[in-house]
Amino acid sequence: MGRGGRGGHKKRLMRKDYQGDGKRDNAWNEKKTHRADQYLEAGDMHNEAFEEYYKVQDIVPEGEWQEFLDILKKPLPITFRINGSGRFAAELVTKLQTDFFSHFSEGPVMLDGELVQPPRPLPWYPSNLAWHMNFTRNQLRKLSWLAAIHEFMKVANEAGSITRQEAVSMVPPLFMDVQPHHRVLDMCAAPGSKTFQLLEMLHNMEGADSSSGSSTTPSGFVVANDADAQRCNLLTHQTKRMCSPCLMVTNHNGEQFPKITGLQPAPGSAAAAAAAVEAAAAELAGNAAQQQQGEGEVMRFDRILCDVPCSGDGTMRKAPDIWRRWSVNNGNGLHNMQLRIALHAVRLLKVGGRMVYSTCTPNPIEDEAVVAELLVRCKGGLQLLDVSDQLPELKRCAGKRKWLVRDKHQWYSSWEEAAKVGFKLDPTMFSSHEKQQLPLERCMRILPHHQDTGGFFVAVLQKVAETPDLPDPSLAHRFTRIITAGRDGRLIKIDGADPHQGAEDAAAYALEAAEQAIAALEAGDAAAATKAANAAAAAASRGGLAQDAATEIYKNQRRYDSQEARKQQQLAKQQQRQQDAATAGADEDAAAVEADADADVEAMEGVETAGDDVDADADAAAAAADEAEGADDAADGAADGKAAWTPSWVRGGGGRGRSGSGRFRGIDPIIPVEDPTIIKMLVDFYGVEASFPLATHLITRSLEAAFPKRLYYVSDALLAVLLADVRESLKITATGLKLFERHELRGKELGKCQYRIAQEGLPFLLPHLTKQVIRLPVADFMRLLADRNVPLLIPSSAAGSEAETAAAAAAAKTPSNQVPLSTPSVLKQLEGLESGGAVALLDEEAAQQLGLALDQAGSGALTANAPLAVSVWRTRASLSVLVAKNECEQMADKVRSAQQRMKQQQQGGKGAAKQAEAVAA
């Protein structure tokens, strides 16, 4: 996952970040340069500590060290992956090879005496769907056809045809063997390129009928989680190009991802029907265990990708500033969190499930040390798989069974050496005799110089049995700390080693090491003296940590005591004031009662009963007034746009029309769309088939309006997860596939339906629409994509040939982009097309001829594999496209390519016929 996955650089977003006079001179400060700019030259990329560390760890094969260092100082090449699979993906490969890469087929290309390296497919990626390019900026600037390649990549990436992704980042999903029925968890998912791969695999339903829409929706799902809320937004954007109702994006720390219980099939689904039959059979047979299972299950996952936050040492080629800031503490400081995330992943994994642990660093403290500790703690319940026969062309190094641990002062071979003097070290970092017996050589370390990539580490594990309780790693070896939390000054004690004893032990060790250093110097043994001096420095650092802990305990305890003393003083003063007020009030009340007692008794006797009646009438009137006022408020709320229905369940966040605060502030709630008015409007206007579960699977994120802005569709599996999460444990930032969006036209009527079809959900919904669909011939479809707004013929009162003559005369004087659509078949379809949202798609016969028909699409839910159809808005006078310009260009390019291919086939057929005639003659 690389550096920054747990928050990274924090931007200044709040007023407190700009405290001070708030003024800054409008002048360039040459002394302030960006840190990343300090290492632009390869000669500046040097760090002795880095080189010493990895030489000692012996991760590079003998004789390859200089090659390893040299490649780290070169920029990372451009790599991209063609999304999806099937014919459209194969055609894109062909287009790249013929239209863009053909210049390299004529021989080597030289520029200013420098060889321009030809693009090449990654040899280990299946079906040549991943490519490698290594062009310099100078080459892109001077060769126009190289610039065209670069421009094509930008457009294709925006349209969803390709994904810019580092080569080694593509590796972990390839070892997960994701199937359409799997529950998949990506624990540290941002920025989302691996999640995109997982979704592609989930939707790769070969042999299924691709024209049947939701019937080919996978029964599994993908949960993409990340600890950083901003990166969750990036993750949502990255996966948007996958038209999948099977994705949920959550915002949790990986080690705290919640466990969901009571999971049952979604109501109305095939799984629910099967479960009901099984439950009935179990009841008849008296199978108590099976009956209990029918009450719901714990949500566990079939596949988990654990691409944990790491030091990012393998990313130096794209982040050269790591050379300057590298420290051994970077990896050491992340080890404990990485282990806790991996342990929690094992807890969430099904027996028989597969887990992939990966990092983008070659550091064994973050790699083999974590995997070895996992295997030891699971006691045979987890196995490290041998996948050496998979992706055979991927060059990799075997994992290590032995490694050393270093703090900022010295090296250690065991925890026993480091326990008393190690600086911020944990026992789980170390190799041991038990760990050395594990098959850690099955891990994979990918080194940058082997295939011109970044550095990476991958371990594939399988859960073969239930594991024992897996507590988080103990921190008892660290010093006891006391911290304050909250405004009330509560004390939180973190138990551990005694800091006073630790300081004494460290001081004794430092003294002994210093004496050894002096003795070694006197004996002329410089190496021994250096080692002893380092040990003394390590002990001094350890002593400093102990003193800091002791000081923190003392300060926080005193702060707590003073706060408690002030609270007690304030409480005593408040109690005294209350007592004084009560005494004064009692004296005044007694005098008033004695003066008026007799008169009040006589007066009250006569009106007591009447007063009761009046009070009852007043209460009834007030209640009626309140009820009427409530009704008026409800009516006003509906008129002001408040939701007209009360949802049967709400999940996730607070606000946005939700009564109550909700579990997570700042996160929009998830609400089922259960308003019969909205459902009937959509079904009637678009002719949605009865088999499509629109009434049960639509959700929205707000109840602030009578007609919510966006309506999303969730799969059966995700709906079951939402219904099971009754405690609202999941912090969901995004889920479902957007099908409908409320259309807004200022001051204009929206027609019978206020909702238009969202382009991202169109491929999923299209097979189930029976109304508001218009099929255009190729010329009209291409014109609609190019002009994006096409005028329509307005019905005229003129009759017969006079109307046709008038229309022809008007068309002759009208610019081409303003000529109304006049194809007879289109005009006939327009007669039955209501004003409002609609779908315009390529005529079925033309699409069949061009090989672009719906049943010929590529596999999966990818936008690039979708049928050639666009969401439009039909008014009385025009047809307007509601799709981004780059998507229209992508569709038009696909049609042009198909036309060119068909033309070549026809010419080839004519040539073959002529040859046959010549032979016959």
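In this report, we go over the structure that sits alongside the text. Note that the coordinates shown come from a computational prediction; the quantities given were computed from them, not determined experimentally.

Rules and cut-offs
Residues numbered from 1 in each chain as written. Predicted model: local features only at pLDDT ≥ 70, side-chain atom pairs only at ≥ 80, totals over all residues. Heavy atoms only, no water. Pairing = 2+ DSSP bridges. Helix = DSSP H or I, 4+ residues; strand = E, 2+ residues; numbered from the N terminus. Contact = heavy atoms within 4.5 Å. Axes fitted to C-alpha atoms, helices over the stretch in contact; angles between N-to-C directions. Core = buried A, V, L, I, M, F, W, Y, C linked by side-chain atoms within 4.5 Å. Buried < 20%, exposed > 50% of the residue type's maximum accessible area, 1.4 Å probe, protein only. Phe/Tyr/Trp six-rings, centres within 6.5 Å; stacked < 30°, edge-to-face > 60°. Lys NZ or Arg CZ within 6 Å of the ring centre and 35° of its normal. Salt bridge = Lys/Arg side-chain N within 4 Å of Asp/Glu carboxyl O.

Quick look at the sheet that holds strand 22 (residues 710-713)
Pairing between the strands of a sheet comes from backbone hydrogen bonds, and it takes one of two forms, parallel or antiparallel. Ordered by their spatial adjacency, five strands build an open sheet running 20-21-22-24-25, and the pairing between neighbours is antiparallel. In this open sheet, the two strands that pair with only one neighbour each are strand 20 (671-672) and strand 25 (755-757). Pairing analysis gives four bridges linking strand 22 to strand 24 (residues 737-742), with the strands arranged antiparallel. In the strand pairing of strand 24, tyrosine 712 is matched with lysine 738. In the packing of helix 19 (residues 676-686) onto the sheet, the strands contacted are strand 21 (698-700), strand 22, strand 24 and strand 25, and the crossing angle to strand 25 comes to about 50 degrees.

With respect to the nonpolar core
Membership of the largest hydrophobic core comes to 155 residues, with the highest contact counts inside it found for Ile82, Met355, Tyr357 and Val371. Counting residues per element, this core draws most heavily on helix 12 (residues 328-348), at nine residues. The residues contacting tyrosine 357, other than those within four sequence positions of it, are Cys306, Val308, Gln338, Ala342, Glu366, Asp367, Val370, Val371, Phe457, Val458, Ala459 and Leu461.

Let's talk about the pairing of strand 17 (residues 456-463)
Counted residue by residue, strand 17 has seven buried out of eight residues, so it is predominantly covered. Here strand 11 (residues 349-359) pairs with strand 17 via six bridges, running antiparallel. Looking at strand 17, one finds that methionine 355 is bridged to leucine 461. Inspection of the sheet shows strand 12 (residues 382-384) paired to strand 17 by three bridges, in the antiparallel sense. In the sheet register, leucine 382 faces strand 17, and the bridge partner there is lysine 463. The pairing of strand 16 (residues 444-446) with strand 17 spans three bridges and is classified as antiparallel. Paired with arginine 445 across the bridge in strand 17 is phenylalanine 457.

With respect to the packing of aromatic side chains
Considering all chains together, one arrives at 19 aromatic pairs under this definition. With a centroid separation of 5.7 Å and 85 degrees between ring planes, the pair formed by phenylalanine 50 and tryptophan 326 is classed as edge-to-face. Taken together, the residues span a long stretch of sequence, with phenylalanine 50 in helix 1 (residues 48-57) and tryptophan 326 in the loop between helix 11 (322-325) and helix 12 at a distance of 276 residues. Taking 6.4 Å as the distance between ring centres and 55 degrees as the angle between the ring planes, the aromatic pair formed by tyrosine 54 and tryptophan 326 counts as tilted. Here tyrosine 54 is found in helix 1, whereas its partner tryptophan 326 is found in the loop between helix 11 and helix 12, with 272 residues between them in sequence. Given the relative accessible area of 1%, tyrosine 54 is considered buried. Its relative accessible area of 8% is what places tryptophan 326 among the buried residues. In this structure, lysine 408 is placed above the aromatic ring of phenylalanine 423, and the distance from its NZ or CZ to the ring centre is 4.2 Å.

A word on the environment of glutamine 501
By secondary structure assignment, the location of glutamine 501 is in helix 17 (residues 499-523). Taking the C-alpha atoms as reference, glutamine 501 lies 9.7 Å from glycine 543; in sequence the two are 42 residues apart.

Some remarks on the side chain of glutamate 200
Counting through the fold element by element, glutamate 200 comes out in helix 7 (residues 193-202). When residues no more than four places from it in sequence are discounted, the contact partners of glutamate 200 are Arg81, Asn83, Gly84 and Met242.

Quick word on the pattern of salt bridges
A full pass over the atoms with the stated rule returns 29 salt bridges. Note that glutamate 151 is salt-bridged to lysine 154, the shortest N-O span being 3.3 Å. Here the residue glutamate 151 and the residue lysine 154 both occupy positions in helix 5 (residues 144-159), the gap between them amounting to three residues, near one helical turn. Judged by relative accessible area, glutamate 151 falls into the partly exposed class, the value being 40%. Between lysine 709 and glutamate 744 there is a salt bridge, with the nearest N and O atoms lying 3.6 Å from each other. Here the residue lysine 709 occupies a position in the loop between strand 21 and strand 22, and glutamate 744 occupies one in the loop between strand 24 and strand 25, the gap between them amounting to 35 residues. One salt-bridge network, in which partners are shared between bridges, spans Lys240, Arg710, Lys738, Glu741, Arg756 and Glu760.

Description of the sheet that holds strand 5 (residues 130-133)
Taken in spatial order, the four strands line up as 4-5-1-6 in an open sheet, and their pairing is antiparallel. Looking at the sheet topology across the chains shown, the edges are occupied by strand 4 (120-121) and strand 6 (162-164). The strands touched by helix 5 are strand 1 (78-82), strand 5 and strand 6; relative to strand 6, the strand with the most contacts, the crossing angle is about 105 degrees.

Here we look at the environment of methionine 316
Along the polypeptide, methionine 316 turns up in the loop between strand 10 (301-307) and helix 11. Measuring from C-alpha to C-alpha, the distance between methionine 316 and glycine 455 comes to 8.7 Å, with 139 residues separating the pair along the chain. Setting aside residues no more than four positions away along its own chain, methionine 316 makes contact with Phe50, Leu72, Ile322 and Trp323.

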